[in-house]
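An overview of the molecular structure
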Amino acid sequence: MTNLCPGPPSWLKQQIVTNGADQRVRRGRRGRPLGSSGTTLIPHQPDRGAKRLRDEDGGGGEEARGGKQLKGARDLARHRDLAALGPGDDPDVEETTEDRKRILEKLMDRDEEEPEGEPVDESSVKKMILTFEKRSYKNQELRIKFPDNPEKFMEAELDLNDIIQEMHVIATMPDLYHLLVELNAELTDIDTLQESEEGAEVLIDALLEGQVVALLVQNMERLDEQVKEEADGVYNTLAIVENMAEFRPGLCTEAAQQGLMQWLLKRIKAKMPFDANKLYCSEILAILLQNNDNTRELLGEMDGIDVLLQQLSVFKRHNPSTAEEQEMMENLFDSLCSCLMLSANRERFLKGEGLQLMNLMLREKKMSRTSALKVLDHGMIGPEGTDNCHKFVDILGLRTIFPLFMKTPKKMKKAGLSEKEHEEHVSSIISSMLRNLKAQQRSRLLSKFTENDCEKVDRLMELHFKYLEAVQQAVKRIEGEKHEMVRRGEILDDGMEDEFYLRRLDAGLFVLQLICYIMVEISNSGIAQLHQRVHQILNLRGGSVKVVRHVMREYAESIGDGKNDEFKEAEKKRIMDLLDNF
């Protein structure tokens, strides 16, 4: 296998850099290229360019070979580099001048029509790989022998570039990937995995065994993003990581531990103008943190919570200037929400004054308000959110959250957050505070429901009947489907029942459960005014205590995160005790 570490040869760096020149694609949500199909490792298929003829003296008797047409910008750059070499730069003036002329002739000789390519099979692939290794070793030897004289290894550099361009065709044939592994070849430009999962598995196994992520991170650290071609190289490198993670999600932990997490945080907080690479970094970070406690813990240990809060603080008083910048902001919020699923990160969030920042965002009424509401929900839910709930009351967060409870702002809808999502997050935050607050802070929360002739209780009951009706309509549809399935003789197994339950949740059952929980909590608060108002409105609108109890029993049965059975049983008992006194 070609040894790329330490000190990988420039051809590898050049390959990653040049593959993506002028090929950036407009990306959709979650990092997918718009219009893409299947799974790819690099969202770019290189064009096949004119082949260049080898010189008889330096070609070792080889026939004319195919190569990728070099980009115009790189042609000019090479031409300038060659022209910059003066006769006085080498002791043997005649030899270097002759070499320079021969190289320039080969660069300019691109007018011939490309001969029809040979079919690619196992034999031709093996030949390509062996040729690639031979030219790679030759290029490294000349670079070591003549480190200060580029003309001496320019010919070998061009030869190596040609065979790399030829090898691009292998990337379109996953059935041949196993040959790359068997022959210990390294291929950094891979176009597609969709046609053969078996071949892709073999290739990815080999890449992971060679710690490919660590190697890619090392190469990204060497690239200067002020240069467009090298910035494209970073973009395409991130594409490799993203699509490998999509094909095999389990590698996220390993990738993060091999330096990718540290590099992403460093790149995100770098004081550079917003660009496509920063957007892509935010997408990769969100992917690494999704459903993975190991990467969440690693980010917390690297002070990543502070990095995320610092980057998001920019949007406290200013809206993103472009759709791409808005997407990056949402990616960072998603990453923060994922991190808050880990209790240790909630402490870091509290110490980093994350609650204060989210509260300010809610008050400023900018585009970041919708996502700030979601972050508060994640930070305060469950027993791990107790400290955050108390702090939120201390920083006067009740003055911020209850106006949002009373009415869904129109700007929320325009920002892409539905009315149901908004009411779900607000109800979840209030229910978390009722569950976690003690003493004085709990009294302050309950007193809010008594203000202005219990107007917040009226709003609560309005939401109760709204979502009760939505759930009842969904139940009717589901019952109709069940009847039809039974008529056809189909079996209703546990899987179908789970699917129907999820559909009810999506129709509004979860929001209804949160609202019913708030109703039961305030009715058991010891404040007679609240208890009377809840039951008064239930009776006036034809509601039923039995319905509330049924909803809460179903909620109690499904509560818990699947990790702590002791908490689940204790919470279930507490809810049932509340129902007995409702």
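This structure is a prediction, so every number in the text was calculated from the model and none was measured.

Quick word on the overall build of the chain
From N to C terminus, the chain includes 26 helices and zero strands. Out of the 582 residues in the chain, the part that is buried amounts to 51%. Just so you have it, the chain exposes about 28,200 Å², and 49% of that area is on carbon and sulfur atoms.

A closer look at the packing of aromatic side chains
As enumerated under the stated definition, the model contains three aromatic pairs in all. Ring geometry for Phe402 against Phe405: centres 6.1 Å apart, planes inclined by 85 degrees, an arrangement best described as edge-to-face. Here Phe402 and its partner Phe405 are both found in helix α19 (residues 398-406), three residues apart, which amounts to about one turn of the helix. For the pair shown, Phe402 and Phe405 are each scored as buried. Consider the rings of Phe402 and Phe449, whose centres lie 5.5 Å apart with planes at 90 degrees: the pair is edge-to-face. With Phe402 in helix α19 and Phe449 in helix α22 (residues 439-487), this pair connects stretches of sequence that are 47 residues apart. Through pairs of rings, three or more aromatic residues link up here, namely Phe402, Phe405 and Phe449.

Considerations on the environment of Asp377
Mapped onto the elements of the fold, Asp377 is located in helix α17 (residues 369-380). Using a relative accessible area of 9% as the deciding quantity, one classes Asp377 as buried. Considering only alpha carbons, one finds Asp377 and Leu340, 37 residues apart in sequence, at a separation of 9.8 Å.

Quick word on unusual backbone geometry
Positive phi, normally seen in glycine, also occurs at Asp303, with a value near 60 degrees. Its location among the elements puts Asp303 in the loop between α12 (293-301) and α13 (304-312). We note that Asn452 has phi near 50 degrees; this positive angle belongs to a residue other than glycine. Tracing the backbone shows Asn452 in helix α22.

Observations concerning the nonpolar core
If you look at the biggest cluster of nonpolar residues, it comprises 113 residues, and the most contacted ones within it are Leu260, Leu336, Met358, Ile401, Met433 and Ile522. Tallying contributions element by element places α22 first for this core, with 12 residues. In this view, Ile522 contacts Leu434, Leu446, Phe449, Val457, Leu460, Leu530 and Val534; residues no more than four positions away in its chain are not counted. Judged by nonpolar contacts, the second largest core, of eight residues, contains Met128, Phe132, Leu160 and Ile164.

Brief notes about the pattern of salt bridges
Applying the stated rule across the entire model yields 30 salt bridges. Here Arg267 ties to Asp275 by a salt bridge, and the two come within 3.1 Å at their closest N and O atoms. A salt bridge links Lys573 to Asp577; the nearest nitrogen and oxygen atoms lie 3.3 Å apart. Of the two residues, Lys573 and Asp577 both sit in helix α26 (residues 565-580), four residues apart, roughly one turn of that helix. Overlapping salt bridges bring together Glu419, Glu423, Arg459, Glu462 and Lys466 as one network.

Here's the deal with the packing of helix α15 (residues 343-351) against helix α18 (residues 386-394)
It is at 9 Å that the axes of α15 and α18 come closest, and there the two elements cross at 20 degrees. The orientation of α15 relative to α18 falls into the category roughly parallel. The way α15 lies across α18 gives a crossing that is left-handed. The segment α15 lies against α18, with Arg346, Phe349 and Leu350 engaging Asp387, Asn388 and Lys391.

Looking at the confidence of the model for the chain
Do not read the predicted coordinates in detail wherever pLDDT is low. The share of residues in the chain with pLDDT of 70 or more is 72%, and the mean pLDDT across the chain is 78. Under a pLDDT of 50 for its full length, residues 1-93 has, in the predicted model, 218 contacts with residues more than four places off or in other chains.

A short note on the packing of helix α9 (residues 228-247) against helix α11 (residues 276-289)
Geometry of a packed helix pair, given as the angle between the helix axes and the separation of the axes. Across the interface, α9 lies against α11 with an axial gap of 10 Å and an inter-helix angle of 20 degrees. Viewed along their axes, α9 and α11 adopt a mutual orientation that is roughly parallel. Along this stretch, α9 crosses α11, giving a crossing that reads as left-handed. Along its contact with α9, which presents Ala231, Val234, Tyr235, Leu238, Ala239, Glu242 and Ala245, the element α11 presents Ala276, Asn277, Tyr280, Cys281, Ile284 and Ile287. Residue classes in the contact of α9 with α11 are distributed as 11 nonpolar, one polar and one charged.

What to know about the side chain of His535
Counting through the fold element by element, His535 comes out in helix α24 (residues 528-540). Every residue in contact with His535, bar those within four places of it in the chain, is listed here: Val545 and Phe582.

Re α15
Taken together, the buried positions of α15 are occupied by Asn345, Arg346 and Phe349. Projected down its long axis, α15 carries its buried residues within an arc of 110 degrees, all on one side. Of the surrounding elements, those touching the buried residues of α15 are α12, α13, α14 (323-339), α16 (354-364), α17 and α18. Following α15 by one or two positions, Glu353 adopts a phi angle in the positive range, close to 60 degrees.

Rules behind the numbers
- In every chain, residue numbers begin from 1 and rise along the written sequence.
- Totals for whole chains, interfaces and linings use all residues, but because this is a predicted model, local features are given only for residues with pLDDT of at least 70 and pairs of side-chain atoms are given and counted only at 80 or more.
- Derived side-chain values reflect all non-hydrogen atoms in the structure, with water molecules and hydrogen atoms excluded from consideration.
- The helix count covers DSSP runs of H or I at least four residues long, the strand count covers runs of E at least two residues long, and both are numbered beginning at the N terminus.
- A simple rule labels every residue: compare its accessible area, found with a 1.4 Å probe on the protein chains alone, to the largest value its type can have, and call it buried under 20%, exposed over 50%, or partly exposed in between.
- Accessible surface area values rest on a Shrake-Rupley calculation with a 1.4 Å probe, where residue burial reflects the displayed protein chains alone.
- Side-chain rings of Phe, Tyr and Trp (the six-membered ring for Trp) are treated as a pair once their centres are within 6.5 Å; stacked means planes under 30 degrees apart, edge-to-face means over 60, and tilted covers the remaining angles.
- Side-chain atoms within 4.5 Å link the members of a nonpolar core, which is a set of buried Ala, Val, Leu, Ile, Met, Phe, Trp, Tyr and Cys residues.
- The criterion used for residue contact is that any of the two residues' heavy atoms lie within 4.5 Å.
- Salt bridge, as used here: a side-chain nitrogen of Lys or Arg that lies within 4 Å of a carboxyl oxygen of Asp or Glu.
- Axes here mean lines fitted to C-alpha atoms, for a helix over just the part in contact, with angles spanning 0 to 180 degrees between N-to-C directions.
- Small angles under 35 degrees read as roughly parallel and large ones over 145 as roughly antiparallel, with 65 to 115 read as roughly perpendicular and the rest as oblique.
- Crossing handedness is defined as follows: a turn of the near helix away from the far one that is anticlockwise and smaller than a right angle gives a left-handed crossing, while the clockwise case is right-handed.
- A score from 0 to 100, pLDDT tells how confident the predictor is in each residue.
- Residue polarity follows a fixed list, in which Ala, Val, Leu, Ile, Met, Phe, Trp, Tyr, Cys and Pro are nonpolar, Asp, Glu, Lys and Arg are charged, and the others, Gly among them, are polar.
- What the arc covers is the set of directions going from the helix axis to the C-beta atoms.

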